[in-house]
Amino acid sequence: MVVDTSVEQFAAGLRGQLIQQGDAEYEKARHVMNGMIDRRPRFIVRCADVADVMACVNFAREEGLVLSIRGGGHNIAGFGTNDGGLVIDLLRMKGIRVDPANRTVHAQGGCTWGDVDHATHPFGLAAAGGVVSTTGIGGLSLGGGMGHLTRPFGLACDNLISADVVTADGQFVVASEKEDPDLFWALRGGGGNFAVVTSFEFGLHPVGTIYGGPIFWSIDKAAEAMKFYREFIANAPDELNAIFGFLVVAPGEPFPEHLHNKNTCGAIVCYVGPPEKAEDVVRPLREFGPPALDGLGPMPFPLLQQAFDDMSPPGILDYEKGDFATELTDDIVAVHAKFGPSVPNFLSGVLIFPINGAAHRVRKSDTAWSYRDAGFSQVIFGLDDDPSAMPRHMEWVRAYYDALHPYSAGGSYVNFLMDEGDERIVASYRDNYPRLQEIKRKYDPGNLFRMNQNIKPSG
Ligand SMILES: Cc1cc2nc3c(=O)[nH]c(=O)nc-3n(C[C@H](O)[C@H](O)[C@H](O)COP(=O)(O)OP(=O)(O)OC[C@H]3O[C@@H](n4cnc5c(N)ncnc54)[C@H](O)[C@@H]3O)c2cc1C
């Protein structure tokens, strides 16, 4: 039971904003991106600085409150909010400093990938993030982080150089290879289990204008297109990333009208090698049958990273399931060819992220992210703004996943898990799980940080 005097003291010590039930902003502040999540935390703190984060961690621990950490709010399981507890909302902590000489960026925990792109692009530099600019750098990079730059530069977590964190006992620590290396190891894939990261330091890469975009083929060619893609990507240089997808063409610009609302399959391409080689590298994609839509060309990197933003507006209802695959075997292709063509609407779809290239050059024990031997990370997502349509979409996602899972590599990328139980979490970390449990016991023995794909402290 939290008494009023301790709340008053807590509130008086904050520089940021404390939002409680009855406050004008409470309704908006309690929600995360996924409109299927309907939770009512007791306290939401829009932290202004590290001191606020420390105060929140201490208050939640001392008062026995459930604690959520929210960056971009995109976690589909809704861990960024809770019932009756406290939410550390990092929304206002958006400070960014680019160091162009050393090719690094320091970005506070409230930044999205769009914020990072905005800061780095003028220097002709980019960080390896995801494929939607409104996703938070926090949840994505701590869980791993796949996107348009995975094959050239690895996962987002592979590019983490250091992290300013507040641990469960309210202490401030800078974790890196040299300082608290165990914690640093765990942060790279272990999600929000270990600390609140107040600022991330990422390595940057010389990426300004890329050659890429979407190339879609007729859905009748689904199986052939996937078989072509698996050969293509296996032989492509690391400078090329291509995410395979089953999607529905959005009914609007820039797509031609005859394709609106049509089911399609194709690849979303990002080539960061020498511009004069780009046309040659992507030529096989164009030569594999005539594309229904060829959107490939030079473009600023941030434009590609914003291309899917409209598919996931705040409050959209979202249900997803994911699985790793070692190879795109004929069995896997057959499942996709059966279910992929029935993506229900232009907000929904299937993405198959390649996680080879630079991501494979990191050994599975080098970071908490274990699946270095998987070639692909697959996610099936059913989205709608109409609640009455969701049971149908969920059934499609589940049937698809049930057919695919027997051929999977075992676990899932933790950021594509919803509430799927401990077994799936353990399977996702495999051999790294016991070490993660040890580190959890050292840094968070009371499991204060448990609103996540939870790693239980050992013992
Ligand atoms: C539209 C959409 C697109 C996506 N695209 C991709 C993609 O391209 N690639 C990819 O890899 N994943 C992708 N994802 C999955 C994404 O990585 C996860 O949803 C991730 O959790 C989102 O991070 P967030 O900060 O926005 O979420 P939040 O809901 O704010 O945070 C999720 C969890 O991460 C932890 N966390 C967040 N910030 C911090 C912090 N500063 N310190 C400690 N813990 C923290 C907490 O446990 C929190 O509950 C996508 C998800 C959506 C909904």
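My aim in this report is to walk through the structure given alongside it, one point at a time. (Residues numbered from 1 in each chain as written. Predicted model: local features only at pLDDT ≥ 70, side-chain atom pairs only at ≥ 80, totals over all residues. Heavy atoms only, no water.)

Considerations on the environment of leucine 91
By secondary structure assignment, the location of leucine 91 is in the loop between strand 4 (86–89) and strand 5 (96–99). Note: C-alpha distance between leucine 91 and cysteine 111 (20 residues apart in sequence) is 7.3 Å. Those residues in contact with leucine 91 that sit more than four places away from it in its chain are Arg46 and Gly110. (Helix = DSSP H or I, 4+ residues; strand = E, 2+ residues; numbered from the N terminus. Contact = heavy atoms within 4.5 Å.)

Considering the site of the ligand
The ligand sits among 33 residues. The nearest are Gly71, Gly73, Gly136, Met146 and Tyr413. Take glycine 71: an N or O atom from its main chain is 2.6 Å from an oxygen atom of the ligand. At 3.0 Å, a backbone N or O of glycine 72 approaches an oxygen atom of the ligand. Counting residues per element, the ones that place at least two in the shell around the ligand are strand 3 (67–70), helix 5 (137–143) and strand 9 (196–203). Tallying contributions element by element places helix 5 first for the shell around the ligand, with four residues. (Near = heavy atom within 4 Å. Polar contact = N/O pair within 3.5 Å; in protein donor to acceptor, adjacent residues only side chain to side chain.)

Some words on the sheet that holds strand 3
Ordered by their spatial adjacency, four strands build an open sheet running 1-2-4-3, and the pairing between neighbours is mixed. On the outer flanks of this sheet lie strand 1 (17–20) and strand 3, each paired with one strand and no other. Looking at each pair of strands side by side, their axes are set apart by 20° on average, direction ignored. Relative to strand 2 (residues 43–46), strand 1 runs antiparallel, the two being bridged by four bridges. (Pairing = 2+ DSSP bridges. Axes fitted to C-alpha atoms, helices over the stretch in contact; angles between N-to-C directions.)

As for the packing of aromatic side chains
Applying the stated criterion to the full structure yields 18 aromatic pairs. Arranged with centres 5.2 Å apart and planes meeting at 55°, the rings of tyrosine 229 and phenylalanine 244 form a pair that is tilted. One end of the pair, tyrosine 229, is in helix 8 (residues 222–235); the other, phenylalanine 244, is in strand 11 (residues 240–248), and 15 residues separate them in sequence. When its relative accessible area of 1% is taken as the criterion, tyrosine 229 is described as buried. Classification of phenylalanine 244 as buried rests on a relative accessible area of 0%. Considering the side-chain rings of phenylalanine 353 and phenylalanine 416, the 5.9 Å spacing of their centres and the 40° angle between planes classify their relative orientation as tilted. Taken as a pair, phenylalanine 353 in strand 16 (residues 349–354) and phenylalanine 416 in the loop between helix 12 (390–404) and helix 13 (422–429) lie far apart in primary sequence, 63 residues in all. Since its relative accessible area comes to 5%, phenylalanine 353 is described here as buried. Here the aromatic residues Phe324, Phe353, Trp369, Tyr371, Tyr413 and Phe416 are joined through ring pairs into a cluster of three or more. Between lysine 221 and the ring centre of phenylalanine 288, over which it is positioned, the NZ or CZ distance is 5.2 Å. (Phe/Tyr/Trp six-rings, centres within 6.5 Å; stacked < 30°, edge-to-face > 60°. Buried < 20%, exposed > 50% of the residue type's maximum accessible area, 1.4 Å probe, protein only. Lys NZ or Arg CZ within 6 Å of the ring centre and 35° of its normal.)

Thoughts on the side chain of arginine 188
Mapped onto the secondary structure, arginine 188 falls in the loop between helix 7 (181–187) and strand 9. A relative accessible area of 7% means that arginine 188 is categorised as buried. Apart from the residues lying within four places of it in its own chain, the contact partners of arginine 188 are Leu142, Cys157, Leu160, Glu177, Asp366, Thr367, Ala368 and Trp369.

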